[in-house]
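Structural description and commentary
This is what each chain is made of:
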Amino acid sequence: MAAGAETVKSKDKIATYFRGVRGELKKVLWPNKKELINYTSVVLFISVLTALVVYVLDLGIGGILSLIIS
């Protein structure tokens, strides 16, 4: 009988958790289409810029190391 009560308590906890999640999702300010496009373009630009910086650093460090090793 204790196992049955424990199962009910865990189901109540799960239900309470999802009610809380649903309540919090209602509070979220979702971006509109224009904001979403702007945010996405900023993320893509920063990602490409970061990739280029890492690529240039990799080339530079690789060149310096090849000079040292040779």
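Everything here concerns the structure above.
Quick caveat, the model's predicted, so the values are computed rather than measured. (Residues numbered from 1 in each chain as written. Predicted model: local features only at pLDDT ≥ 70, side-chain atom pairs only at ≥ 80, totals over all residues. Heavy atoms only, no water.)

Quick notes on the overall build of the protein
- Along the protein, the regular secondary structure elements total 2 helices and 0 strands.
- Here the protein displays about 6800 Å² of accessible surface, and carbon together with sulfur accounts for 73% of that area. (Helix = DSSP H or I, 4+ residues; strand = E, 2+ residues; numbered from the N terminus. Areas by Shrake-Rupley, 256 points an atom, 1.4 Å probe, with all protein chains shown as cover.)

Regarding the pattern of salt bridges
- Enumeration over the complete set of coordinates arrives at 1 salt bridge.
- A salt bridge links Glu24 to Lys27; its shortest N-O distance comes to 3.2 Å. Of the two residues, Glu24 and Lys27 both sit in helix α1 (residues 2-27), 3 residues apart, roughly one turn of that helix.
- With relative accessibility at 61%, the residue Lys27 sits in the exposed group. (Salt bridge = Lys/Arg side-chain N within 4 Å of Asp/Glu carboxyl O. Buried < 20%, exposed > 50% of the residue type's maximum accessible area, 1.4 Å probe, protein only.)

Points about the packing of aromatic side chains
- One pass over the structure, following the stated rule, counts 1 aromatic pair.
- Between the aromatic rings of Tyr17 and Phe18, the centroid separation amounts to 5.2 Å while the plane-to-plane angle is 75°, which identifies the pairing as edge-to-face.
- Taking relative accessible area as the criterion, Phe18 reaches 53% and is therefore assigned exposed. (Phe/Tyr/Trp six-rings, centres within 6.5 Å; stacked < 30°, edge-to-face > 60°.)

What about helix α2 (residues 33-69)?
- Taking 1.5 Å of rise per residue, the 37 residues of α2 would be expected to cover 54 Å, and the 53 Å separating its terminal C-alpha atoms lies within 8% of that figure.
- Backbone nitrogen of Lys34 and a side-chain oxygen of the N-cap are separated by 3.2 Å at the start of α2; the cap is Asn32. (Expected span 1.5 Å × (residues − 1). Polar contact = N/O pair within 3.5 Å; in protein donor to acceptor, adjacent residues only side chain to side chain.)

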